[in-house]
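# Architecture and fold: a report
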Amino acid sequence: MVTGNPYEAFSFSEFWDMLDATFLSFYFILFVFVLAFLYYVLPGKVRWLVLLAGSVLFYSTAGIHPLIIIVLTALITWLAALFIASDAKKERRKRRLILSSAVLVLLAALVFGKCYILLEWKFHYIIPLGISYYTFSAIGYLADVYWRKDTAEQNFLKLALFLLYFPKILQGPIARHRNLGRKLIQGHRFDYQEFCFGMQLALWGYFKKLVIADRLGIFTSSVFSGYQSLGGAVTVLGAALSAVQLYCDFSGCMDISAGVSQMFGIQLERNFAHPFFSRTASEFWRRWHITLGTWFKDYVYMPAVVSAPLIRLSGRIRKRFGKRAQSVVMTAIPLAAVWILTGLWHGTGLNYLVWGAYWGILIIFSAVFAPEIRKITAWLKINTNAPSWKYIQMARTFLLFSFARLITVPGDLAVTAQMLRTVFTSPQLWQLSDGTLYAQGLDWREFVFVTAMTGVLWFVSLQQETCSLREKIAGWNLIARCAFYACALMFVLIFGIYGPSYGAGAFAYMNY
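None of the values given here were measured: they were computed from a predicted structure. (Residues numbered from 1 in each chain as written. Predicted model: local features only at pLDDT ≥ 70, side-chain atom pairs only at ≥ 80, totals over all residues. Heavy atoms only, no water.)

## Some points on the overall build of the protein
In terms of helices and strands, the protein carries 22 helices and zero strands. By the compact-globule yardstick of 24 Å for 512 residues, the protein fits well, its C-alpha radius of gyration being 24 Å. Taken along the three principal axes of its C-alpha coordinates, the protein extends 70 × 65 × 55 Å. For the protein, the residues scored as buried account for 49% of the 512 residues in total. (Helix = DSSP H or I, 4+ residues; strand = E, 2+ residues; numbered from the N terminus. Rg over C-alpha atoms; globule rule 2.2 N^0.38 Å. Buried < 20%, exposed > 50% of the residue type's maximum accessible area, 1.4 Å probe, protein only.)

As structure tokens, this is what we get:
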């Protein structure tokens, strides 16, 4: 996330200005193909250096100061991991001190950046792009080295590549060094099918972002900024479409990231698994931003569960109140910690704490009262295996997520309360048909179009749940494949929201 003028402290060439640290540029696409050409024509043992040079070049377009900060982060992480790995097993206290000190330094930089925005400090500071992502990756790497789940990287430049790797630096995924670190330095050979698969996935990401997300963004921005004059019906529709917009924006970026990386023969960890097909809140968060959820599970939830203070507390609770109470404590406290931190990761305002509490309460409640929920379901004679019940649960999960958008998007809980009051006391259903709906940036033609494109997204996602469409397309003859790719590319170019008259919005999760 960048504040102020990112070029103020350093004079870049015109190429740097054109490239910019986003995926939404023709020059970025050109940059990827040039880098891929260099990657595959040079010897395998130096290909990781091509990725490092390209990543430094890409990240430097955000300014020299952010680049210095992330290099310092990599240096601290590298040195700390070497010290942790070099100490004998008997020096556990020293290793723990080094780990704690390094993690505190990394977290201090992250918290400072978030407080800089929240408190609106006046001095000039440029917050590094992707700071939350590379900070969590660095902390996870240090913890894994401490727990002996990973080995310390001896080469500083190789660790720097892991943190700076350009397809993931903007919005993740939050990579694990033990999964990605080795892949980056292997020097992959050119694989035609993998290269094509990567281009397909990236094009699908651009479709989500430019054709759907940015088009919906015009409508949702108008609804949330002009909520005073709108009734509850339009507000509810705005919240629902905001949920679709965020999904297409974030998952679109992940598809571009994974696709570009696959063009270099490198598989990134999956970050989305069609979350709107989820039947419960907990399942939703196992499918949405997967790497963030697994990071909190591995480095917050599990350490909390096995911590001595919680075990002692749960033991006392069991003696006094029984086994069920102990189970509640062992479930609720770690989950509460995870969701408070998840809220703070997304933002530092009170609304994000409420957002984290909202999801935490839902998930804790469903876990703690699971036996009672099953009994009520059986008492109501609900056939949980019926397809209709599955769709009802999916719709419920979508509504829960849409409601959560009303907590964070307005940016002020007072505004959230006012919008909710309007929803329940003044729905004004006629605004859906009297022209008010089509005065929010999208006319009826655009609404029909974006609805149809959302239907395409739903259909493709449904197919992807059971099969690989990319492999099916790969089975077509060459002429059919080329025609399909050409048509898909032209469709995005023609119907995407971009260009000088609009300027495609930055990806939503670049702000975290």
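## A few points about unusual backbone geometry
With an omega of 10°, the peptide bond running from G172 to P173 counts as cis. Assignment of secondary structure puts P173 in the loop between α8 (166-169) and α9 (177-184). A positive phi angle, close to 50°, is found at H274, a residue other than glycine. Locating H274 in the fold gives a position in the loop between α11 (232-263) and α12 (281-287). Positioned with a positive phi, K381 is a non-glycine residue whose angle comes to about 60°.

## A short note on a nonpolar patch on the surface
Nonpolar side chains collect at one region of the surface, where F26, Y27, L30, V34, F37, L38, V41 and L42 lie side by side and expose about 740 Å² of accessible area between them. Here Y27 lies in helix α2 (residues 26-41). (Patch = residues over 30% accessible without salt bridge, like charges linked within 9 Å, V, L, I, M, F, W, Y side chains within 5 Å. Areas by Shrake-Rupley, 256 points an atom, 1.4 Å probe, with all protein chains shown as cover. Salt bridge = Lys/Arg side-chain N within 4 Å of Asp/Glu carboxyl O.)

## Here we look at the packing of helix α10 (residues 192-225) against α11
One way to put it is that α10 packs onto α11 with a least axis distance of 7 Å and a crossing angle of 155°. In terms of orientation, α10 and α11 fall into the roughly antiparallel class. Helix-helix and strand crossings are classified by hand; for α10 and α11 the assignment is left-handed. The class makeup of the residues in the contact of α10 with α11 is 24 nonpolar, 12 polar and five charged. (Axes fitted to C-alpha atoms, helices over the stretch in contact; angles between N-to-C directions. Parallel < 35°, antiparallel > 145°, perpendicular 65-115°, else oblique. Left-handed = near helix turned anticlockwise from the far one by under 90°. Nonpolar A, V, L, I, M, F, W, Y, C, P; charged D, E, K, R; others polar.)

## A word on the packing of α11 against helix α19 (residues 413-425)
The geometry of α11 relative to α19 is characterised by a closest axis approach of 7 Å and an angle of 120° between their N-to-C directions. Judged by the angle between their axes, α11 and α19 are oblique. Once α11 is placed against α19, the crossing between them reads as left-handed. Contact with α11, carried on its side by G232, T235 and V236, involves M419, T422 and V423 of α19 and no other residues of that element. Taken together, the residues of the contact of α11 with α19 sort by class into three nonpolar, three polar and no charged. (Contact = heavy atoms within 4.5 Å.)

## What about the pattern of salt bridges?
Taken as a whole, this structure holds 10 salt bridges when the rule is applied. With a closest N to O distance of 2.3 Å, R178 and D144 form a salt bridge. Here R178, found in helix α9, pairs with D144, found in helix α6 (residues 131-146); they are 34 residues apart in sequence, far enough to count as distant. Taking relative accessible area as the criterion, D144 reaches 1% and is therefore assigned buried. Residues joined in a network through salt bridges with shared partners are K209, D214 and D249.

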